[in-house]
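Chains, contacts and geometry: an overview
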Amino acid sequence: PEVVMIGLGYIGLPTAALIAQGGAYVYGVDINQSVVDTINRGEIHIVEPDLGQAVKEAVSKGFLKADIKPVGANTYIVVVPTPFKDKNEPDISFVQAATSAILNLLKEDDLYIIESTSPVGTTEKMMNFIYEKRPELKGKLNIAYCPERVLPGNVMHELVFNDRVIGGIDEKSTQRALDFYSKYVKGELHKTNARTAEMCKLVENSSRDVQIAFANELSLICDKADINVWELINLANKHPRVNILQPGCGVGGHCIAVDPYFIVSDYPMESKIIGTAREVNNYKSFWCAEKVQNTKLKFELDFGRKPKIALMGLAFKPNIDDLRESPAKYIAQRVLQNANNEEYYIVEPNIQEHNVFKLTNYTEAYQKADIIVYLVNHKEFSTLPQSNEKIILDFAGVNK
Ligand code: SAJ
């Protein structure tokens, strides 16, 4: 093979399929045997539009093959998870393990690229690790960091058309990585050094987190001030230099709610706004859960009976079926924990069934409930009537 891709998850597999579609032989490596078997059958283990077809094609033409162990190639790409240990220390052990696995395969002039979101300095650390174990290769490898920036749900398009930042540990490495990506990326390729590229990925997601925190803070202020926050933001955004994002029930997903901690943990004294934004966004979910509880108690006092409550949406953002790291799911769990004979309807139109939550159709839940809690702005919800007889808690901007 020309390329070895280590990690066949949400980014590694689409990237491997894309390179293979371009006519290069790609050897995909994953520690999970069932993932390897699925891919070798030409099937996929994740939900992503157009990925199934790309993998099927690449495998059937013999350009993509998966295995649990790597083989020798000219280019090695590491795309493995970098989780956050207890929210105070990034864990690069998977990157280290992936690098260890190819250590004895590396040869002069090979290209080694890290794509995983990583704390600043990780590429240099891996370079030192490689050269310590293979001193005869010192200075002879091309080593670069090139973060992915694709949006789940639109990966196959964005992999090709997004601009990319490419940071080598020296000029030659940067140029070699750029030549490699230029074969299948149509977006612009921007050269920098490895540390800047690492920080760039973290900053992109932190910037979005900080901006969402601003919107979420406004939503709390407006709740006290009796102002419709959606109308307010819409009006403020009419200013030519103001562009406020949307508040919600918190920030979820695997990137935006995690990456800022990579900066905060390494630069705690300096990253005040970034750290506070994380707190504001986490607090927003807690606040929403409290608001549901308080509304429920007030209903009992006002009407002398327990209300029926519909929790609308569980996914981490609108119009997807992904519940991982979802603030809406967190709120549902928290509210249900304190449930005391109240009747709850849990709604998630993008999934058929769930192993913990009993799901109800959204129209039925709306009809039966006294209190409607919008947690996610799924497109289905905007078709529901705006009844005056219901108490509506709209955390997602469905009726904005
Ligand atoms: N959200 C709001 N208000 C908004 C926008 C988003 O509350 O105005 C919430 C969403 O509901 C969700 C969370 O933020 O809970 C994150 O959603 P998202 O659509 O902003 O981003 P992700 O996590 O799906 O993908 C992000 C993208 N990063 C940026 O837009 C800077 C994507 O380009 C990255 O590749 C991806 O993270 C990643 O893998 O890092």
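Our subject is the structure that appears above.
Residues numbered from 1 in each chain as written. Predicted model: local features only at pLDDT ≥ 70, side-chain atom pairs only at ≥ 80, totals over all residues.

Remarks on the sheet that holds strand β8 (residues 142-145)
Read from one edge of the open sheet, eight strands run β3-β2-β1-β4-β7-β8-β9-β10, paired in mixed fashion. Taken across any chain shown, the strands that pair with only one partner, and hence form the sheet edges, are β3 (64-67) and β10 (189-193). Strand-to-strand twist across the sheet, computed as the mean angle between neighbouring axes with direction ignored, equals 25 degrees. Where strand β9 (residues 164-168) and β10 come together, five bridges link them in parallel fashion. Bridged to G168 within β10 is N193. (Pairing = 2+ DSSP bridges. Helix = DSSP H or I, 4+ residues; strand = E, 2+ residues; numbered from the N terminus. Axes fitted to C-alpha atoms, helices over the stretch in contact; angles between N-to-C directions.)

Some thoughts on the site of the ligand
Surrounding the ligand, one finds 18 residues, the nearest of these being L245, Q246, G248, G253 and C255. Both domain 1 (3-194) and domain 2 (228-394) contribute no fewer than three residues apiece to the shell around the ligand. (Near = placed C-beta within 6 Å. Domains from an automatic or database assignment.)

Some points on the sheet that holds strand β14 (residues 391-394)
Pairing is parallel in the open sheet, where four strands are placed in the order β12-β11-β13-β14. At either end of the open sheet lies a strand with only one pairing partner, and these are β12 (343-347) and β14. In this sheet, neighbouring strand axes are inclined to one another by 15 degrees on average, regardless of whether the strands run parallel or antiparallel. Relative to β12, strand β11 (residues 308-312) is paired through five bridges, and the arrangement is parallel. Bridging across to β12, L311 finds its partner in I346.

A look at the packing of helix α4 (residues 93-102) against helix α5 (residues 122-133)
With their axes 11 Å apart at the nearest point, α4 and α5 run at an angle of 35 degrees to one another. Relative to α5, the crossing made by α4 is right-handed. Of the residues in α5, those in contact with V95, Q96 and T99 of α4 are T122, M126, F129 and I130. For the contact of α4 with α5, the per-class residue count stands at four nonpolar, three polar and no charged. (Left-handed = near helix turned anticlockwise from the far one by under 90°. Contact = placed C-beta atoms within 7 Å. Nonpolar A, V, L, I, M, F, W, Y, C, P; charged D, E, K, R; others polar.)

A few points about the nonpolar core
Counting residues in hydrophobic clusters, the biggest one holds 59 residues, and the most contacted among them are M5, I6, V26 and V78. Among the elements that make up this core, the one with the highest residue count is helix α1 (residues 12-21) (six residues). (Core = buried A, V, L, I, M, F, W, Y, C linked by C-beta atoms within 7 Å. Buried ≥ 20, exposed ≤ 12 C-beta atoms within 10 Å, placed from the backbone.)

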